[in-house]
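In case you want the letters, here they are:
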Amino acid sequence: MCFTMRKRPSEETPTRAATIRRRLTLNSELGTNSIKALKRAIALASFITPTAIHFQDGKTEIYLNAPVQKHLRNLYDSLRRENHALPRKAFAQFLEVQQGEDVPLLTQETYKFGEFLEAWWMQFRPEAEKPAHFEQKDLSKPISNYFINSSHNTYLSGNQLSGRSTADAYRRVLRRGCRCIEIDVWNNDSPSSTPERPREASTKPPSRIEHVRHLSGGSLHLAAAHIKGAVEEGVEKARHKLGVEKIHTHNPKCSKSELSPPAFGREFGRQMNVALSSSLAANELDAERSSIRSRPSLPPDEPVVMHGYTFTTPVGFREVCKAIREVAFETTTLPIIVSLEVHADQDQQEVMVSIMKEEWDGILIDKPHEACPNGRMPRLEELLNKILIKVKKASPCLDNAATMSTLSPNPTVDDDASSEDERTAAQNGSKKPKVPICDNLSALAIYTHSEHFTNFDSPVAKIPSHIFSISENKIIELVASKHHELFTHNRHYFMRAYPKGLRFDSSNPDPSLFWRKGVQMVAMNWQSWDEGMMLNEAMFSGEHGWVLKPPGFRSEDSSIPTEVAIPQRNLDLIIKILAGQHIPLPEGTDSIHSRALRPVVRCELHVEKVEERIGSLLEGGKVRECEYKQKTGAGKTDHPDFAHVKKNELHFLGVQRVVEQLSFVRFKVEDDAPRLVSLNRDPLAGWACIRLDRLATGYRFVHLLDAHGNQTQGVLLIHVNKLIR
């Protein structure tokens with residue numbers, strides 16, 4: 001093994017330092033220019049550039065700046081003590097005791113600094129988040145025994161009132177691990193296929209599916225959305241034709257290509273994750289811009305997807321189904337649940353069924369699993385590469401009443417899922433009667449059918465395939481009034497939580513509150529990367545969208561009392577922030593201000609609060625914010641060394657009754673510079689959130705994401721001391 005730095009191409013080429021010295025040599029004739037040159041030389045000398053470190057495999061190199069290398073060198077010196085190199089025994093003890101690694105296989109007797117780094121990096125990966133190995137994932141439990149990464153109003157790319165509906169939104173969330181997506185389906189009542197293309201006359205008489213539609217009072221919201229879409233499309237086309245650059249924020253997805261700093265680490269022959277994330281984000285943005293200019297025509301006799309009774313623009317239902325098929329199992333084989341919120345009439349519901357069976361041929365579950373008898377929910381391993389439909393059941397019918405499966409319910413028309421759009425309609429005074437579901441669409445709800453919640457003692461609450469979709473406010477009320485019944489129900493059966501109707505800005509609740517009550521699907525507004533989405537990212541990071549519930553939360557634990565079944569421990573956690581590298585700048589900050597950055601690291605511990613455990617609520621039905629918060633002193637530049645700041649060791653001691661799998665550590669790096677206060681800008685520079693059971697101990701690197709959930713090149717070097725007892 002070797003540890004080398006980059007070599008100069010030839011000795012004849014002058015060194016960079018020599019060139020700088022020649023350029024900045026003081027000259028009495030230059031006057032004030034010499035002073036400026038001296039200041040520039042000092043700045044260059046103090047600027048910390050990450051240095052490439054090459055490993056012997058010839059494929060891997062890492063970039064470490066001076067503060068990070070200093071801390072790692074100090075660590076190495078403390079381990080080797082008086083020895084010339086690090087003995088194998090001391091190295092193994094460090095890995096086992098401090099790093100919490102399994103008994104390592106070390107082949108050398110001693111390790112020089114470069115060899116120490118290479119063995120540590122290549123064999124044990126010093127990331128703060130423990131990897132989730134798919135091959136070790138337990139897929140043998142019934143599907144209701146898992147938490148599922150879920151999206152609310154998936155089709156929207158902006159706020160809930162005037163955002164744009166796009167098929168690309170489905171591609172984006174599915175690629176990021178979402179496994180429960182939502183589609184709101186409406187009649188396409190527009191008199192033309194697009195706002196600018198008149199519908200072609202047909203000599204054929206209208207069939208049951210191809211029937212002429214006219215604007216009605218209930219479809220005026222769709223007409224308004226079409227008008228808004230036509231205006232936006234016209235503006236976008238004009239801008240594109242004139243070559244006028246669209247004014248946008250400094251979101252990395254919108255930024256022009258710039259010279260990027262060297263990466264934290266990469267392997268030759270394959271793209272690093274940061275580059276892949278940036279490229280993917282750029283491609284998605286280009287696709288969305290392109291879709292505005294060349295949006296496919298909306299077929300006049302096929303339903304559309306949109307947020308009803310708002311100014312959100314529609315997208316074709318078939319286009320959405322095609323997008324889902326395209327990326328459904330691109331990153332994982334685990335199943336997808338499609339939650340249908342149906343407002344289309346029965347004719348267009350028949351069209352929906354035809355489209356889904358056509359576009360999802362071979363992956364759509366349209367009949368019970370052969371190995372799954374009536375009355376039993378399928379295991380996760382039985383549904384690989386499959387799409388399940390969640391929809392309410394058809395109205396009761398005497399003809400088929402005797403043939404209903406024991407897994408299926410007595411049908412109902414009412415359903416909380418449909419109420420999400422109807423709440424908006426009620427506020428506008430335009431609420432319509434609920435739409436009955438046709439038999440063919442109802443028949444697709446094999447293992448996941450929607451039910452209106454009345455109480456936990458109702459007959460439908462005991463049917464294996466039912467799903468109660470309940471708003472966040474209602475669930476919080478149930479936490480107070482039916483705490484035990486709520487948890488007991490969710491051990492066996494599905495529940496879905498969705499954001500309250502007043503979250504027009506696409507904000508999110510804290511999902512951990514609902515997970516701790518056993519709610520499997522907490523539908524999140526993926527349009528906003530707020531605290532809720534950060535916690536959601538931590539829960540499902542690397543998990544392929546399905547996370548097995550902790551012991552005590554599963555159906556197999558129903559015979560054990562809750563307080564005994566759920567393993568609750570006491571926690572002592574100490575996190576020391578050592579250094580940072582390539583800390584991203586707050587959104588809207590020019591890169592020339594990187595040296596003016598004053599990064600502060602805020603750390604929050606998200607655990608169950610006392611009022612959650614006893615089922616009580618504070619005034620207004622709200623739960624208190626996170627109570628375990630600490631922060632460091634301010635570092636300097638985007639390559640900070642926190643060794644000498646006022647405070648860099650954060651203590652969370654004596655935290656009681658912690659469930660590791662449902663607790664989270666969140667890091668937020670903010671700019672503490674006073675200039676941001678006067679500019680009224682968000683100081684957030686980067687963040688990371690890690691599930692407590694996956695927070696590794698010892699010396700670790702935390703990878704930072706930006707305000708839009710995109711990976712950055714920023715990292716923090718930290719030391720974690722975690723004691724669970």
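Residues numbered from 1 in each chain as written. Predicted model: local features only at pLDDT ≥ 70, side-chain atom pairs only at ≥ 80, totals over all residues. Heavy atoms only, no water.

### Observations concerning the overall build of the chain
What counts is decided by this rule: Numbered from the N terminus, helices here are DSSP runs of H or I no shorter than four residues, and strands are runs of E no shorter than two. Residues are treated as being in contact if the distance between any of their heavy atoms lies within 4.5 Å.
Assigned secondary structure in the chain consists of 19 helices and 24 strands. Here the analysis covers contacts within the chain between residues at least 6 apart in sequence; of these, 76% occur between residues at least 24 apart.

### Observations concerning the packing of helix α4 (residues 88-98) against helix α5 (residues 113-124)
The condition that has to hold: Comment: axis = line fitted to C-alpha atoms, over the contacting stretch for helices; angle = value between 0 and 180 degrees taken between N-to-C directions. Orientation is classified from the angle alone, with under 35 degrees giving roughly parallel, over 145 giving roughly antiparallel, 65 to 115 giving roughly perpendicular, and any other angle giving oblique. A clockwise turn of the near helix away from the far one marks a right-handed crossing, whereas an anticlockwise turn of less than a right angle marks a left-handed crossing.
With their axes 12 Å apart at the nearest point, α4 and α5 run at an angle of 40° to one another. In terms of their interaxial angle, α4 and α5 are classed as oblique. As α4 packs across α5, the resulting crossing turns out to be right-handed. Contact residues: α4 offers F91, F94 and L95, while α5 offers F116, A119, W120 and F124.

### Some details on the nonpolar core
Where we set the bar: Throughout, nonpolar core names a set of buried Ala, Val, Leu, Ile, Met, Phe, Trp, Tyr and Cys residues whose side chains join them through atoms within 4.5 Å. When a residue's accessible area, from a 1.4 Å probe over protein chains only, is under 20% of the maximum for its type it is buried; when over 50% it is exposed; and in between it is partly exposed.
Grouped together as the largest cluster of nonpolar side chains are 78 residues, with contacts concentrated most on L340, M356 and L441. Among the elements that make up this core, the one with the highest residue count is helix α16 (residues 531-540) (six residues).

### Structural notes on the environment of R376
Rules: Any pair of nitrogen or oxygen atoms within 3.5 Å is treated as a polar contact; in protein, a donor-acceptor pairing is required on top of that, and neighbouring residues in sequence qualify only through side-chain atoms on both sides.
Following the sequence through the fold, R376 ends up in the loop between α10 (346-359) and β11 (387-392). The class of R376 is partly exposed, set by a relative accessible area of 24%. Each C-alpha atom, one on R376 and one on Y447, is 9.3 Å from the other, the two residues being 71 residues apart in sequence. A distance of 3.3 Å separates a polar atom in the side chain of R376 from a polar atom in the side chain of E382.

### Details of the environment of S140
Position of S140 among the secondary structure elements: in the loop between α5 and β5 (146-151). Relative accessible area serves as the criterion here: at 31%, S140 is assigned to the partly exposed category. Each C-alpha atom, one on S140 and one on L380, is 6.2 Å from the other, the two residues being 240 residues apart in sequence. Every residue in contact with S140, bar those within four places of it in the chain, is listed here: Y146, R379 and E381.

### Some points on the packing of helix α6 (residues 168-175) against helix α9 (residues 317-327)
Convention followed: Note on residue classes: Ala, Val, Leu, Ile, Met, Phe, Trp, Tyr, Cys and Pro are nonpolar, Asp, Glu, Lys and Arg are charged, and everything else, Gly too, is polar.
Where α6 meets α9, the axes come as close as 8 Å, and the angle between the chain directions of the two elements is 25°. Comparing their axes, α9 and α6 come out roughly parallel. By crossing handedness, the relation of α6 to α9 is classed as right-handed. Of α9, the residues touching α6 (which contributes Y170, R171, L174 and R175) are V320, A323, I324, E326 and V327. Partitioning the contact of α6 with α9 into residue classes produces six nonpolar, no polar and three charged.

### Side note on the pattern of salt bridges
Cut-off, in case you're wondering: Between Lys or Arg on one side and Asp or Glu on the other, a salt bridge is scored when a side-chain nitrogen of the former is within 4 Å of a carboxyl oxygen of the latter.
The tally for this structure, following the rule as stated, stands at 31 salt bridges. With its nearest N and O atoms 3.3 Å apart, the salt bridge here joins K517 to E608. Pair noted here: K517 is in the loop between α15 (511-515) and β15 (521-524) and E608 is in the loop between β18 (599-606) and α18 (610-614), with a separation of 91 residues, a long-range link. This pair shows no difference in class: K517 is buried, exactly as E608 is. With its nearest N and O atoms 2.8 Å apart, the salt bridge here joins D693 to R691. With a relative accessible area of 5%, R691 lands in the buried category. Here the salt bridges do not stand alone but share partners, grouping E129, K137, E543, R691, D693 and R694 into one network.

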